[in-house]
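For reference, the chains in residue letters:
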Amino acid sequence: MIEHFHSGTIDYDIVIRRGALGCIGNRLNVDRNIMVVTDDGIPADYIRRLIAQCPHSRLFTFPQGEKNKNIDNFKAILEKLLEYGFTRKDAVIALGGGVTGDMAGFAASCYMRGIDFFNIPTTLLAQVDSSVGGKTGIDFGGIKNSVGTFHHPKAVIIDPDTLETLDRRLLHEGLAEAIKMASTSDSGLFELIESTDDLRGNIDTIIARAVNIKKKVVEEDPDEKGIRKLLNFGHTIGHAIESLSGGELLHGECVAIGMIYMSDGEARERIRRVLKKYGLPTTCNMDTDALLSLIRHDKKREESTVTTVHVEKIGSYSFRKMTLHELGNCLKNKEL
Ligand SMILES: NC(=O)c1ccc[n+]([C@@H]2O[C@H](COP(=O)([O-])OP(=O)(O)OC[C@H]3O[C@@H](n4cnc5c(N)ncnc54)[C@H](O)[C@@H]3O)[C@@H](O)[C@H]2O)c1
């Protein structure tokens, strides 16, 4: 299936199709210089299949992992683009997870004031979330995503078959983001994830529906001035947990715990059950003051309050401005 992203002057297709990695020529002009950016955890077969379709390709591979989404690798991509004589007519393709997509997109957005960028996301997190929306960037000065741009891809090509090689823990981590979107915006998708005994068999539908939510939200609010904040459900506390966990917990796992704090009643019980079903954590025994201090420094803080997203009924949400005191009470009082 194909989703079409349209917001102002930004227009591109999001293709979701098994086998799409093998026929990218349908989606982009490969008769030009193409820099394929990938990390060393991406199966060699995917890289081979992609390169085979691009007669003028160059490959940039960096070591896998969040710590490599940094200024050194960003600089190295730009140096290679210059060295190989890339012009404004040429393009960058990201093949990998969110780390690859964010950094390759950032390099494409800066090189010669912006060249074409195509994203082929290969983790579930990147397929349902990070590949759509145009946010690019790197971690800098010890802060995640502190430097970056908005630079939308010319196309996103999602091949669910690439998930076959993805580690189960990473698959479920990405599913946490789909559960996040379903909880606020699509009760039918939530029911599907809740009831299925065949996650992989239903993954195309899950990706398509989650992408549809993300796409609509970003179309409405491309610069994150309003409704796009709903994508932060579970993230205010989740980010703080992620920082404190020191890499022990994955991003989606921290968001999973964060969603429990920001939901109530029956919705909270359903979210808890579905997270447990996929082995995602629902509790945390971290120090409340340490978490609060991290939230205080969160870049999304507006003066003395934080805008949080709450779910009381699956498929709907509300925004609440919470003071740090209220967040502290929430952390202390919610029996997880
Ligand atoms: N731009 C956005 O809007 C946005 C949104 C959410 C998250 N992000 C960013 O996304 C990043 C996290 O992305 P991620 O979870 O995809 O992590 P990741 O890119 O580090 O990928 C995780 C691991 O999976 C491996 N991998 C990827 N695809 C594979 C496959 N098909 N088979 C086998 N192994 C594979 C990679 O080598 C890597 O080791 C973070 O940096 C986060 O800030 C960005």
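All values reported here derive from a predicted model rather than from experimental measurement.

### A word on the site of the ligand
- As a matter of local geometry, the ligand sits amid 28 residues, with Gly41, Gly97, Gly98, Thr123 and Ser130 nearest to it.
- Of all the secondary-structure elements, those providing two or more residues to the shell around the ligand are helix H3 (98-110), helix H4 (124-130) and strand E8 (143-147).
- Looking at the shell around the ligand residue by residue, the classes come out as seven nonpolar, 14 polar and seven charged.

### What to know about the environment of isoleucine 24
- Within the secondary structure, isoleucine 24 is located in the loop between strand E2 (10-16) and strand E3 (34-39).
- Apart from the residues within four sequence positions on either side, isoleucine 24 is in contact with Leu50, Gln53 and Ile157.

### Some words on the sheet that holds strand E9 (residues 155-158)
- A sheet is described by the order of its strands in space; here seven strands give the open sequence E1-E2-E9-E6-E5-E3-E4, paired in mixed fashion. In the strand order of this sheet, the two ends are held by strand E1 (2-7) and strand E4 (57-62), each with one partner. Neighbour-to-neighbour, the strand axes of the sheet open up by a mean angle of 15°, direction not taken into account.
- Across four bridges, the pairing between E2 and E9 is parallel. Residue pairing for E9: isoleucine 14 is matched across the bridge by valine 156.

### Things to note about the pairing of E9
- Neither face of E9 is open: one carries Ala155 and Ile157, the other Val156 and Ile158, and all of them are buried.
- Bridge analysis of strand E6 (residues 116-121) against E9 gives two bridges, and the strand direction is parallel. Along E9, the bridge assignment pairs asparagine 119 with valine 156.

### Looking at the nonpolar core
- Core analysis: the biggest nonpolar cluster contains 97 residues, and Val92, Ile93, Ala107, Ala178, Ile193 and Ala210 have the highest contact counts within it.
- No other element matches the eight residues that helix H7 (residues 203-220) contributes to this core.
- Not counting chain neighbours up to four residues away, the residues in contact with alanine 178 comprise Val128, Ile193, Ile206 and Ala210.

### Observations regarding the domain arrangement of the protein
- Structurally, the protein comprises domain 1 (2-165) and domain 2 (168-333).
- The gap between the C-alpha centroids of domain 1 and domain 2 is 26 Å.
- Listed as interface residues are 19 residues of domain 1 and, on the opposing side, 20 residues of domain 2.
- Every element with two or more residues in the side of domain 1 that touches domain 2 is listed here: E1, E2 and H4.
- Considering each element in turn, the side of domain 1 that touches domain 2 owes the most residues, five residues, to H4.
- In the side of domain 1 that touches domain 2, the residues fall into ten nonpolar, seven polar and two charged.

### So, the pairing of E3
- Burial within E3 is extensive, with six of its six residues counted as buried.
- Every second residue of E3 is oriented toward a common face, with Ile34, Val36 and Thr38 on one face and Met35, Val37 and Asp39 on the other, all of them buried.
- Running through helix H1 (residues 44-52), the crossover from E3 to the neighbouring parallel element E4 is right-handed.
- Here E3 pairs with strand E5 (residues 91-96) via five bridges, running parallel. The residue bridging valine 37 from the neighbouring strand is alanine 94, located in E5.

### Some thoughts on the packing of helix H5 (residues 168-185) against helix H9 (residues 251-261)
- At a closest axis distance of 7 Å, the pairing of H5 and H9 adopts a crossing angle of 35°. Here H5 runs over H9; the crossing is left-handed. Mapping the contact onto sequence places Glu173, Gly174, Ala176, Glu177, Lys180 and Ser183 in H5 and His251, Gly252, Glu253, Val255, Ala256 and Met259 in H9.

### With respect to the packing of helix H8 (residues 235-245) against helix H11 (residues 288-296)
- Close contact between H8 and H11 brings their axes to 9 Å; oriented N to C, the two are set at 115°. The angle between H8 and H11 falls in the class roughly perpendicular. Here H8 runs over H11; the crossing is right-handed. Across from Thr236, Ile237, Ala240, Ile241, Ser243 and Leu244 in H8, the residues of H11 making contact are Ala290, Leu291, Leu294 and Ile295.

### Some details on unusual backbone geometry
- Of note in the backbone geometry, asparagine 145 takes a positive phi value of approximately 55° without being a glycine.
- Within the secondary structure layout, asparagine 145 lies in strand E8.
- Positive phi, normally seen in glycine, also occurs at glutamate 224, with a value near 55°.
- Tracing the backbone shows glutamate 224 in the loop between H7 and H8.

Conventions and cut-offs
- Residues numbered from 1 in each chain as written.
- Predicted model: local features only at pLDDT ≥ 70, side-chain atom pairs only at ≥ 80, totals over all residues.
- Near = placed C-beta within 6 Å.
- Helix = DSSP H or I, 4+ residues; strand = E, 2+ residues; numbered from the N terminus.
- Nonpolar A, V, L, I, M, F, W, Y, C, P; charged D, E, K, R; others polar.
- Contact = placed C-beta atoms within 7 Å.
- Pairing = 2+ DSSP bridges.
- Axes fitted to C-alpha atoms, helices over the stretch in contact; angles between N-to-C directions.
- Buried ≥ 20, exposed ≤ 12 C-beta atoms within 10 Å, placed from the backbone.
- Core = buried A, V, L, I, M, F, W, Y, C linked by C-beta atoms within 7 Å.
- Domains from an automatic or database assignment.
- Right-handed = clockwise from strand over helix to strand, strands pointing away.
- Left-handed = near helix turned anticlockwise from the far one by under 90°.
- Parallel < 35°, antiparallel > 145°, perpendicular 65-115°, else oblique.

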